[in-house]
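Observations on the three-dimensional arrangement
Spelled out from the first residue to the last, the chains are:
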Amino acid sequence: MWRRIRPAEAAPIAGVTLVAVLAAGLTAAVLLGDGMGPGLLLSALPAMVAAYASARAAGRKARPWSLLWAVGCVALLAVPALRDSAWPSTLAILAALLLAALALHGTRRWPGVLLGPLGFLDSAVTGVGWAWAGVRARGGGTGRDRWLPVVKAVVVAAVLLLVFGALFASADAAFADLLGGLLPDVSVGEGPLRILLFLAGAVLALAAARTAAAPHRWDRMKTRPGKPRSRVEWSLPLILLDLLFAGFNAVQLAVLFGGYDKVLESTGLTYAQYARQGFWQLLWATLFVLAVIALALRWAPRGTPGDRRLVRAVLGTLCLLTLVVVASAVRRMDLYVDAYGLTRLRLSVVTMELWLGLVIVLLIAAGAVGGRWLARAVVGSAAATVLAFGLLSPDGIIAESNVTRYQQDGKLDLAYLRGLSADAAPYLDRLPEPRRSCALMGIRDELRRSARAPWYATSLGEYRAREILRERPVTADPGECRLLGAYDSRTG
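Here goes a summary of the coordinates provided. (Residues numbered from 1 in each chain as written. Predicted model: local features only at pLDDT ≥ 70, side-chain atom pairs only at ≥ 80, totals over all residues. Heavy atoms only, no water.)

1. Things to note about the overall build of the chain
On a plain count of helices and strands, the chain comes out with 22 helices and 0 strands. Per-residue burial for the chain yields a buried fraction of 41% across its 492 residues. Nonlocal contacts in the chain, meaning residues at least 24 apart in sequence, comprise 79% of its contacts between residues at least 6 apart. (Helix = DSSP H or I, 4+ residues; strand = E, 2+ residues; numbered from the N terminus. Buried < 20%, exposed > 50% of the residue type's maximum accessible area, 1.4 Å probe, protein only. Contact = heavy atoms within 4.5 Å.)

This is the structure:
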């Protein structure tokens with residue numbers, strides 16, 4: 001099986017690819033040593049050039065789906081340039097790696113979707129040897145004549161730029177500030193980190209180039225369907241599960257039309273307790289349903305048209321009932337947020353629940369019209385959700401929700417708001433003093449620690465927060481904020 005999946009022997013590495021790999025290592029060492037921000041996207045561009053040049057040299061042509069995945073990868077890598085918060089940026093980077101694997105391998109089935117990123121590991125190992133063979137091939141008698149002029153030109157250019165750059169910088173303070181902002185300030189102690197970043201950037205670029213030249217053939221992996229079960233053996237447990245879901249949903253609809261007050265009066269719970277009691281269970285129920293559907297499809301009877309109609313009817317009913325469960329879970333979280341406010345965890349899990357609902361809808365559509373496109377659609381919806389999650393600024397949404405809640409009922413958790421990233425600054429700036437200063441104090445302290453960060457390590461969220469604090473500095477002191485936070489926790 002592995003022989004059928006392993007990539008073919010790649011053609012010799014092109015000179016353009018080698019240069020792009022070297023550029024990827026250098027940009028990673030220069031731009032990523034001070035943090036993320038626009039530098040991440042800029043350091044990824046040479047790796048994309050290496051992959052493109054390698055694919056062209058191997059005779060591979062870009063297909064529409066590969067171009068779509070590549071565009072999505074670039075968009076996801078732009079999230080750290082826009083948002084200061086680490087959690088949406090981390091999700092965006094992981095999603096970008098998944099889309100890059102799909103773009104380079106060109107897979108369309110579930111094995112490629114799930115195992116595609118693992119192909120980078122094999123390509124990273126073989127890519128080093130592939131690049132070394134290319135360097136050695138260019139190091140022969142005629143290769144020296146080709147490389148020596150290039151080395152000489154690079155050395156002469158570096159000397160000229162260093163000499164005249166130093167002269168111009170000493171002659172004009174504005175030009176010196178411009179150079180200081182453009183060039184990194186590398187200290188001796190950062191040497192090992194920069195070397196590690198160079199190696200990581202070069203190896204990742206090599207892995208992308210090697211994969212583009214000779215990708216793994218994940219679509220050749222054959223998965224055997226399970227042994228079909230009889231109609232009764234297969235359908236009876238699922239029909240009973242459908243009835244259980246129907247009974248639960250009937251209660252949810254009764255609560256919806258009868259009102260929560262009647263239910264809370266009979267159970268003795270508060271709104272928050274009622275919401276907290278059920279949300280996590282419903283989230284797990286949604287996940288388990290997806291696992292049940294996957295296993296049910298593996299052992300589904302499929303010998304006759306009647307069997308296939310039975311499968312669509314039973315699983316379609318389960319999917320529709322699950323959508324009501326998703327709506328109930330989202331409603332419960334809405335109640336919980338009304339009682340206690342919006343947090344990162346609550347926003348993350350409700351976003352996940354909504355995406356799981358979208359996956360259920362895709363499963364219903366696949367059952368109706370066929371599912372050859374399902375793997376790509378699920379991956380595309382996940383990447384689009386992560387991209388929207390990052391672009392919409394989760395910390396900004398949380399801050400805006402809590403500020404609105406304070407304006408309505410006077411409830412505010414200052415201790416939690418101080419832990420938000422710089423993305424929240426425009427919304428926390430709307431609070432009245434001294435709560436505004438107390439909420440922004442954590443962001444101010446964090447920006448002070450990164451005050452010397454260059455432009456390529458500064459996100460748009462950080463830039464906006466600095467402008468806000470420059471125009472309206474924090475005026476409250478920590479002691480006043482502690483008293484104010486204790487007062488808000490008692491009244492809230």
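2. Let's talk about the packing of helix H6 (residues 86-105) against helix H7 (residues 110-137)
One way to put it is that H6 packs onto H7 with a least axis distance of 8 Å and a crossing angle of 90°. When the axis of H6 is compared with that of H7, the two are roughly perpendicular. Side by side, H6 and H7 meet where Leu 97, Leu 98, Ala 100, Ala 101, Leu 102, Leu 104 and His 105 of the first sit next to Gly 112, Val 113, Gly 116, Pro 117, Gly 119 and Phe 120 of the second. For the contact of H6 with H7, the per-class residue count stands at 9 nonpolar, 4 polar and no charged. (Axes fitted to C-alpha atoms, helices over the stretch in contact; angles between N-to-C directions. Parallel < 35°, antiparallel > 145°, perpendicular 65-115°, else oblique. Nonpolar A, V, L, I, M, F, W, Y, C, P; charged D, E, K, R; others polar.)

3. Structural notes on a nonpolar patch on the surface
On the surface, a cluster of nonpolar side chains totalling about 480 Å² of accessible area is made up of Val 232, Leu 236, Ile 239, Leu 240 and Leu 243. Examined against the element boundaries, Ile 239 turns out to sit in helix H11 (residues 231-258). (Patch = residues over 30% accessible without salt bridge, like charges linked within 9 Å, V, L, I, M, F, W, Y side chains within 5 Å. Areas by Shrake-Rupley, 256 points an atom, 1.4 Å probe, with all protein chains shown as cover. Salt bridge = Lys/Arg side-chain N within 4 Å of Asp/Glu carboxyl O.)

4. A word on the nonpolar core
If you look at the biggest cluster of nonpolar residues, it comprises 47 residues, and the most contacted ones within it are Met 333, Leu 347, Leu 428, Leu 431, Leu 440 and Ile 443. Looking at which element gives the most residues to this core, the answer is helix H14 (residues 305-340), with 8 residues. Every residue in contact with Met 333, bar those within four places of it in the chain, is listed here: Phe 279, Arg 346, Val 349 and Val 350. Residues Leu 41, Leu 99, Ala 101 and Ala 212 belong to the second largest nonpolar core, which totals 32 residues. (Core = buried A, V, L, I, M, F, W, Y, C linked by side-chain atoms within 4.5 Å.)

5. Thoughts on the packing of aromatic side chains
For the structure on display, the rule yields 5 aromatic pairs. Between Trp 87 and Phe 389, the ring centres sit 5.2 Å apart and the planes meet at 80°, which makes this aromatic pair edge-to-face. With Trp 87 in helix H6 and Phe 389 in helix H16 (residues 374-391), the pair connects residues that are 302 residues apart, well separated along the chain. Residues Trp 87 and Phe 389 agree in their burial class; the two are buried. Measuring from centroid to centroid gives 5.3 Å for Tyr 336 and Tyr 340, while their planes differ by 75°, and the two rings are edge-to-face. Of the two residues, Tyr 336 and Tyr 340 both sit in helix H14, 4 residues apart, roughly one turn of that helix. (Phe/Tyr/Trp six-rings, centres within 6.5 Å; stacked < 30°, edge-to-face > 60°.)

6. Here's the deal with helix H2 (residues 15-31)
For H2, spanning 17 residues, the distance from its first C-alpha to its last is 24 Å, which sits close to the expected 24 Å at 1.5 Å a residue. When H2 is considered as a whole, its buried residues turn out to be Thr 17, Leu 18, Ala 20, Val 21, Ala 24, Gly 25, Ala 28, Ala 29 and Leu 31. (Expected span 1.5 Å × (residues − 1).)

7. Focus: the environment of Gly 127
Its location among the elements puts Gly 127 in helix H7. Taking the relative accessible area as the measure of exposure, Gly 127 reaches 0% and is therefore buried. The spatial distance from the C-alpha of Gly 127 to the C-alpha of Ala 208 is 8.7 Å, given a sequence separation of 81 residues. Among residues more than four places away in sequence, those in contact with Gly 127 are Leu 206 and Arg 210.

8. Quick word on the packing of H2 against helix H3 (residues 38-57)
Look at H2 against H3: their axes get within 8 Å of each other, and the N-to-C directions meet at 170°. On the basis of the axis angle, H2 is roughly antiparallel to H3. Residues Val 16, Thr 17, Ala 20, Val 21, Ala 23, Ala 24, Thr 27, Ala 28 and Leu 31 of H2 touch H3, and the partners they reach there are Gly 39, Leu 42, Ser 43, Pro 46, Ala 47, Val 49, Ala 50, Ala 53 and Ser 54. The residue makeup of the contact of H2 with H3, split by class, is 13 nonpolar, 5 polar and no charged.

9. Some words on helix H15 (residues 344-369)
Compared with the 38 Å implied by 1.5 Å per residue over 26 residues, the 37 Å span of H15 between its first and last C-alpha is a close match. Of all the residues in H15, the buried ones are Arg 346, Leu 347, Val 349, Val 350, Thr 351, Glu 353, Leu 356, Gly 357, Val 359, Ile 360, Leu 362 and Ala 366.

10. Regarding the pattern of salt bridges
Tallied over the entire structure, the rule returns 11 salt bridges. Here Arg 430 ties to Glu 400 by a salt bridge, and the two come within 3.9 Å at their closest N and O atoms. Of the two residues, Arg 430 is situated in the loop between helix H19 (425-428) and helix H20 (435-449) and Glu 400 in helix H17 (residues 394-409); the sequence distance between them amounts to 30 residues. Taking relative accessible area as the criterion, Glu 400 reaches 34% and is therefore assigned partly exposed. Linking Arg 470 and Glu 467 is a salt bridge whose minimum nitrogen-to-oxygen distance equals 2.5 Å. In this pair, Arg 470 and Glu 467 are both assigned in helix H21 (residues 460-471), 3 residues apart and thus about one turn of the helix distant. Residue Arg 470 is classed as exposed on the basis of its relative accessible area of 56%. Residue classification places Glu 467 among the partly exposed residues on the basis of a relative accessible area of 26%. Overlapping salt bridges, with partners in common, bring together Asp 429, Glu 433, Arg 436, Glu 471 and Arg 472 in one network.

11. Quick notes on unusual backbone geometry
Cis geometry marks the peptide bond from Glu 433 to Pro 434, where omega comes out at 5°. Checked against the element boundaries, Pro 434 lands in the loop between H19 and H20. In this structure, Ser 393 is a non-glycine residue whose phi angle is positive, near 65°. The residue Ser 393 is located in the loop between H16 and H17 in this model. Overall, the relative accessible area of 5% leaves Ser 393 in the buried class.

12. What to know about the environment of Leu 42
Relative to the helices and strands, Leu 42 is located in helix H3. Residue Leu 42 is classed as partly exposed on the basis of its relative accessible area, which comes to 34%. Distance in space between the C-alpha atoms of Leu 42 and Leu 31 is 8.0 Å, their sequence separation being 11 residues. Once residues lying within four places of it in the same chain are set aside, the contact partners of Leu 42 are Leu 31 and Trp 455.

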